[in-house]
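So the chains spell out like this:
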Amino acid sequence: MTVELVSKTHSFDGTQCQYTHRSEVLDCDMRFSIFLPSQAEKDERFPVLYWLSGLTCTDENFSQKAGAQRMAAELGIALVIPDTSPRGDEVADSESYDLGKGAGFYVNATQSPWKPHYQMYDYVVEELPQLVEANFPVSHRRAISGHSMGGHGALTIALKNPGRYASVSAFSPICNPIACPWGEKALSAYLGADTTLWEEYDATSLLSRAQERLPMLVSQGEDDQFLEEQLKPNALKAAADAAGYPLKLEFHAGYDHSYYFIATFIEQHLRFHADYLLAH
């Protein structure tokens with residue numbers, strides 16, 4: 001479980017680094033970014049916020065655009081940002097931006113030609129945390145967040161793994177992928193035609209039967225061009241209300257789907273996670 005440094009940059013007295021490694025789960029070389037606060041030089045171990053990015057993104061979008069390092073440094077939280085899909089010439093792809101490379105949807109694919117490499121769920125839940133915890137000064141205290149497709153990933157992963165995360169949040173998540181065009185396309189390709197299998201990667205379906213009441217914050221821009229057709233936060237809210245789940249869903253007037261929205265509210269999300277990651 002070795003990592004190879006690609007780049008290292010000083011940021012808010014911490015370090016923003018990018019690494020590559022060989023993924024056994026995905027059977028390809030992968031890249032991820034990590035921000036470590038300056039206190040990392042004092043043999044402390046930091047809790048980790050895992051950030052999952054959206055369609056067409058890589059590990060660089062969040063690290064370069066969200067402006068999260070300042071608050072992460074202040075709070076003493078490490079940030080880990082994986083890529084959004086397997087990569088490489090041998091990895092299956094599609095001409096569509098919403099399927100294939102850059103669009104892994106954080107599922108374990110069961111269908112050809114995706115199955116050999118598209119095991120992003122296992123990568124995010126198991127392999128990457130093991131790698132990070134073995135090579136960096138971080139603890140086993142974890143939270144998870146993401147945007148759009150990554151918000152979908154964060155919510156479903158947290159709901160499917162009770163006890164693994166202290167908290168979960170999302171910006172503009174795909175809340176009900178079994179009932180939207182992005183989700184229907186990706187889930188049918190990766191998982192096949194049996195829609196009951198899709199429900200295992202649908203936050204609205206999972207929340208309705210969740211056993212753990214994990215702290216959950218969802219932020220949604222009211223001017224998001226994908227709000228009605230693709231994201232469906234009201235379906236998630238209805239499921240939460242029916243199940244008595246403590247979802248905090250906030251709508252923000254004037255904001256769209258972009259990283260300007262994320263940069264505006266990332267401090268709120270990091271402080272939200274700090275309340276649980278840093279609690280003793």
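Residues numbered from 1 in each chain as written. Predicted model: local features only at pLDDT ≥ 70, side-chain atom pairs only at ≥ 80, totals over all residues. Heavy atoms only, no water.

### Topic: the overall build of the chain
Then comes step 1: Secondary structure summary: the chain contains 10 helices and nine strands in total.
Then comes step 2: Taken over the C-alpha atoms alone, the chain extends approximately 50 × 40 × 35 Å along its principal axes.
Then comes step 3: Each of the 280 residues in the chain was classed as buried or not, and the buried ones make up 60%.
Then comes step 4: The long-range fraction of contacts in the chain, counting pairs at least 24 apart against all pairs at least 6 apart in sequence, stands at 72%.
Then comes step 5: Carbon and sulfur atoms make up 47% of the accessible area of the chain, which totals about 11300 Å².
Then comes step 6: Considering the chain, the positive charge centre built from 21 side chains and the negative charge centre built from 37 side chains are found 4 Å apart. (Helix = DSSP H or I, 4+ residues; strand = E, 2+ residues; numbered from the N terminus. Buried < 20%, exposed > 50% of the residue type's maximum accessible area, 1.4 Å probe, protein only. Contact = heavy atoms within 4.5 Å. Areas by Shrake-Rupley, 256 points an atom, 1.4 Å probe, with all protein chains shown as cover. Lys, Arg positive; Asp, Glu negative; His and termini not counted. Charge placed at Lys NZ, Arg CZ, Asp CG, Glu CD.)

### Here we look at the pattern of salt bridges
Then comes step 1: Counted under the stated rule, the structure contains 13 salt bridges.
Then comes step 2: In this structure, the salt-bridge partner of Arg-209 is Glu-200, at a minimum N-O distance of 2.5 Å.
Then comes step 3: Relative accessible area serves as the criterion here: at 39%, Arg-209 is assigned to the partly exposed category.
Then comes step 4: The exposure class of Glu-200 is partly exposed, given its relative accessible area of 31%.
Then comes step 5: What emerges from the salt-bridge pattern is a single network uniting Arg-70, Glu-74, Glu-267 and Arg-271. (Salt bridge = Lys/Arg side-chain N within 4 Å of Asp/Glu carboxyl O.)

### Notes on helix H9 (residues 233–243)
For an α-helix, 3.6 residues make a turn, and residues three or four places apart therefore share a direction.
Then comes step 1: Every buried residue belonging to H9 is among Pro-233, Leu-236, Ala-239 and Ala-240, and all of these are buried. Taken down its axis, H9 places every buried residue within 120 degrees of arc, on the same side. Turned more than 90 degrees off the buried face of H9, the exposed positions are Asn-234, Asp-241 and Ala-242.
Then comes step 2: Packing partners of the buried residues in H9 comprise helix H4 (149–160), helix H7 (203–207), strand E8 (216–221), helix H8 (227–231) and strand E9 (247–252).
Then comes step 3: Just past H9, the residue Gly-244 takes up positive phi, approximately 65 degrees. (Arc of directions from axis to C-beta.)

### Section: the environment of Lys-237
Then comes step 1: Structurally, Lys-237 is set in helix H9.
Then comes step 2: Separated by 10 residues in sequence, Lys-237 and Leu-247 have C-alpha atoms that sit 7.2 Å apart.
Then comes step 3: In contact with Lys-237, other than residues within four places in its own chain, are Leu-247 and Leu-249.

### Notes on the environment of Val-132
Then comes step 1: Take Val-132: it is sitting in helix H3 (residues 120–135).
Then comes step 2: By relative accessible area, which is 0% here, Val-132 ends up buried.
Then comes step 3: Distance in space between the C-alpha atoms of Val-132 and Thr-2 is 9.8 Å, their sequence separation being 130 residues.
Then comes step 4: Apart from the residues lying within four places of it in its own chain, the contact partners of Val-132 are Phe-32, Ile-34, Tyr-50, Val-80 and Val-138.

### Some remarks on helix H5 (residues 181–191)
Then comes step 1: Among all positions of H5, only Trp-182, Gly-183, Ala-186, Leu-187, Ala-189, Tyr-190 and Leu-191 are buried. Projected down its long axis, H5 shows its buried positions confined to an angular sector of 165 degrees, all on one face.
Then comes step 2: Those residues of H5 that are buried lie in contact with helix H6 (195–198) and H8.
Then comes step 3: Just beyond H5, the residue with positive phi is Gly-192, at close to 95 degrees.

### Some remarks on the side chain of Asn-108
Then comes step 1: Mapped onto the elements of the fold, Asn-108 is located in the loop between strand E5 (78–82) and H3.
Then comes step 2: A polar contact is formed between the side chain of Asn-108 and the side chain of Asp-122, at a distance of 3.0 Å. (Polar contact = N/O pair within 3.5 Å; in protein donor to acceptor, adjacent residues only side chain to side chain.)

### Details of unusual backbone geometry
Then comes step 1: For the bond from Ser-112 to Pro-113, the omega torsion is 0 degrees, close enough to zero to count as cis.
Then comes step 2: Inspection of the secondary structure puts Pro-113 in the loop between E5 and H3.
Then comes step 3: Located in the positive-phi region is Asp-13, a residue other than glycine, with phi close to 65 degrees.
Then comes step 4: We classify Asp-13 as exposed; its relative accessible area is 56%.
Then comes step 5: At Tyr-106, a residue that is not glycine, the phi angle is positive and equals roughly 55 degrees.
Then comes step 6: Take Tyr-106: it is sitting in the loop between E5 and H3.
Then comes step 7: The class for Tyr-106 is buried, based on a relative accessible area of 0%.

Any link to function would need more than the numbers given here.
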